[in-house]
Amino acid sequence: MSNYSIGIDLGGTKILAGVIDTETGEVIESDKKRTKAEHGRDIIIQRLIDVTEKAICKAQIPVSQIASIGIGAAGQVDRKHGMLISAPNLDCHSVDLKAIMENHFKIPVAVGNDVEVATLGELKFGSGVGYKNFVCIFAGTGIGSGIVQNGQICNGFTGTAGEIGHIIVDSGGRMCTCGGHGCLEAYASRSAIEKTITAALKKGHRSVMSDLVKDKKSIRSKHIKEALDKKDDLVLNCITEAAEYLSSGIASVINFYNPELIILGGGLIEAVDDYYELSVSKALAKALPTATESVKITKAKLKDYSGVIGAALLKEYYNNSFNKCSLSAL
Ligand SMILES: [Zn+2]
């Protein structure tokens, strides 16, 4: 059996595909494209195929030597059938990803959730190596988490566990994309911070952000970092407020799950050190002493590649898990 598999991170903004050596976790080659979700399902699928072909081509490895393809999609998935059930950020519903990709590439395909595969990547080759009970929290456009219990990803009774972005940190508070109010994601995600900054700018607050994003559509994590480097008061206040909420979420996880490790990743954590450091120190101060004594908090080691590396491991992981667990648990 070949050591090479393809991992694909299918997100709302970009699609990243990599040819991975599954023995070592090494990314042999990778390629990425913008998802262009606004152009609809057929364009997304075409771009998914294109980016995969390009990664294979760059790696110069024959398709016959690729053992499997794994896809981590930003949405709800049916793991058993390889279906993308719903993905608001991709504007897709009921897409048979497994069948489409298997028809095209003639390689076995497994489909998982994007946060789940990123957690798998960190478990096997990242900051989670050597740990069996931990939680990965990814903060970027949204906020999601993956739970590891006894060395296995815990998906919950019907497969939706880990939605930390929708734990309620302010009862009756801000409207969330899920339709609820006061969810963590509505306060501590990059989109939430962007909304707060944009609203303040409209009210006439002065900030270097006005220059940094002048001709751009959205405030990216790197803009937030640049503004903080320039000691911008507005952005510092927004990040401090967001870290206050994220730390409440992390502290709640520490109290509830008593993990040995929390791994923090995602674009916002990756780019903005102040956000990471504030969130960690506040979380440790808020959580119960008995649980904080033993918990370690660290950043995701694989950075942007947690998802791609984890997705490449997905087919084999499912094969082993299907043998161990009942199908409904997956
Ligand atoms: Zn929500």
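None of the values given here were measured: they were computed from a predicted structure. (Residues numbered from 1 in each chain as written. Predicted model: local features only at pLDDT ≥ 70, side-chain atom pairs only at ≥ 80, totals over all residues. Heavy atoms only, no water.)

What follows covers the sheet that holds strand β11 (residues 152-153). Spatial strand order, β11-β10-β9-β12-β13: five strands in an open sheet with mixed pairing. Each of the sheet's edge strands pairs with one partner strand only, and the pair in question is β11 and β13 (296-299). Relative to β13, strand β12 (residues 261-265) runs parallel, the two sharing four bridges. Bridging from a neighbouring strand, Leu261 pairs with Lys296 of β13. (Pairing = 2+ DSSP bridges. Helix = DSSP H or I, 4+ residues; strand = E, 2+ residues; numbered from the N terminus.)

This paragraph deals with the side chain of Ser279. Positionally, Ser279 belongs in helix α10 (residues 273-286). Sequence-distant contacts of Ser279, defined by excluding residues within four places in its chain, comprise Ala243, Leu246, Ser247 and Ile250. (Contact = heavy atoms within 4.5 Å.)

Before going further, it helps to examine the coordination of the zinc ion. The coordination sphere of the zinc ion, as far as protein atoms go, consists of His166 (ND1), Cys176 (SG), Cys178 (SG) and Cys183 (SG), spread over 2.1 to 2.4 Å. Site description for the zinc ion: donor spacing in sequence, H-x9-C-x1-C-x4-C. Linking His166 in the loop between β11 and α4 (185-188) with Cys178 in the loop between β11 and α4, this pair joins segments that are twelve residues apart in sequence. According to the relative accessible area criterion, His166 is partly exposed, its value standing at 26%. (Donors = N, O, S within 2.8 Å, 3.2 Å for Na, K, Ca; no water. Buried < 20%, exposed > 50% of the residue type's maximum accessible area, 1.4 Å probe, protein only.)

As assigned here, the protein chain comprises domain 1 (4-114 + 305-329) and domain 2 (127-300). Contact residues are listed per partner, giving nine residues for domain 1 and nine residues for domain 2. Together domain 1 and domain 2 conceal approximately 670 Å² of surface at their shared face, both sides included; 33% is due to carbon and sulfur atoms. Taken together, the connections running from domain 1 to domain 2 amount to zero salt bridges. One can count four residue pairs in polar contact (both at pLDDT 80 or more) joining domain 1 with domain 2. (Domains from an automatic or database assignment. Buried area = accessible area lost by both parts, 1.4 Å probe. Salt bridge = Lys/Arg side-chain N within 4 Å of Asp/Glu carboxyl O. Polar contact = N/O pair within 3.5 Å; in protein donor to acceptor, adjacent residues only side chain to side chain.)

This next bit is on the pattern of salt bridges. The final tally for this structure, using the stated rule, is eleven salt bridges. Across the pair Asp42 and Arg41 runs a salt bridge, and its minimum N-O distance is 3.9 Å. Looking at Arg41, the relative accessible area reads 38%, which means it is partly exposed. The network of salt bridges with shared partners includes Asp31, Lys54 and Lys58.

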